[in-house]
Amino acid sequence: MAVVALVCAVMAAVLHIYIFVLESVRWTDERTRRTFGTTAEEAEATREMAFNQGFYNLFLAVITLVGVGLWTVSDAVGAALVYAGAGSMLAAGLVLLISSPGKAKAAITQLFFPLLAVVTVTIALLV
């Protein structure tokens, strides 16, 4: 079960690294604007905010990946970091879902792998 948990955590991290790229690197790109449903003017006006928000996603991914890496040394330390990173990703997805029901698809995409990671880490620690 630990392998499944770590794979889910890595998938959550990879997704959030992709979100970082969209928000911090490609925010004003036409394809990214379509993904987020923004106009060129909106993207330009929110560029600094998106840049900052993208780094939040990157930092959560890094915390999660460090947890995955440290799991081999200490499953308690690794689990704590996976819980911190993936748990925060999950919470952010829930906030998006609750605050913007029209963006449910994006919210569910954002929280799916973190939810699996949190659940499977818990099971792995209990077994």
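Refer to the preceding data block for the structure.
Treat the numbers as computed from the prediction; the structure is a model and nothing was measured.

Novice: Where do I start with the packing of aromatic side chains in this structure?
Specialist: Pairs of aromatic rings are described using the distance from one ring centre to the other and the angle between the two planes. Applying the stated rule across the entire model yields 5 aromatic pairs. Taking the centre distance of 4.9 Å and the plane angle of 75° together, the rings of F20 and F55 count as edge-to-face. Residue F20 is found in helix α1 (residues 2–25), and its partner F55 is found in helix α4 (residues 47–70); the two are separated by 35 residues along the sequence. Note on F55: relative accessible area 24%, which makes it partly exposed. By way of ring pairs, the aromatic residues F20, F51, F55 and F59 are connected into one cluster.

Novice: Explanation requested: the packing of α1 against α4 in the structure shown.
Specialist: Between two packed helices, the angle of one axis relative to the other and the distance separating the axes together describe the packing. Where α1 contacts α4, the two axes come as close as 8 Å, and the packing angle between them is 160°. Taken as axis vectors, α1 and α4 run roughly antiparallel relative to one another. For the crossing formed where α1 meets α4, the hand is left-handed. In this structure, α1 uses L6, A9, V10, A13, H16, I17, I19, F20, E23 and S24 to contact α4, whose residues at the interface are A50, F51, Q53, G54, F55, N57, L58, A61, T64, L65 and V68. In terms of residue class, the contact of α1 with α4 is made up of 14 nonpolar, 6 polar and 1 charged.

Calculation criteria
- Numbering of residues starts from 1 in each chain and follows the order in which that chain's sequence is written.
- Reporting in this predicted model follows two pLDDT cut-offs: at least 70 for local features of residues, and 80 or more for side-chain atom pairs to be given and counted; totals over whole chains, interfaces and linings ignore these cut-offs and use all residues.
- Heavy atoms throughout the structure, all of them, feed into the side-chain values; hydrogens and water do not.
- Note on ring pairs: Phe, Tyr and Trp rings are taken, using the six-membered ring of Trp, and paired if centres are within 6.5 Å. Classes follow the plane angle, with under 30 degrees stacked, over 60 edge-to-face and the rest tilted.
- For the purposes of this entry, the term helix denotes a DSSP run of H or I that reaches at least four residues, the term strand denotes a run of E that reaches at least two, and both are numbered from the N terminus.
- Using a 1.4 Å probe on the protein chains alone, a residue whose accessible area is under 20% of its type maximum counts as buried, one over 50% counts as exposed, and one in between counts as partly exposed.
- Lines fitted to the C-alpha atoms define the axes, with helices restricted to the stretch that makes contact. Angles between their N-to-C directions range from 0 to 180 degrees.
- Here roughly perpendicular refers to angles of 65 to 115 degrees, roughly parallel to angles under 35, roughly antiparallel to angles over 145, and oblique to all remaining angles.
- What makes a crossing left-handed is the near helix being turned counterclockwise from the far one by less than a right angle; a clockwise turn instead makes it right-handed.
- Throughout, a residue-residue contact means that at least one pair of heavy atoms, one from each residue, lies within 4.5 Å.
- Under the grouping applied here, Gly and all other residues not named as nonpolar or charged are polar, the nonpolar ones being Ala, Val, Leu, Ile, Met, Phe, Trp, Tyr, Cys and Pro and the charged ones Asp, Glu, Lys and Arg.

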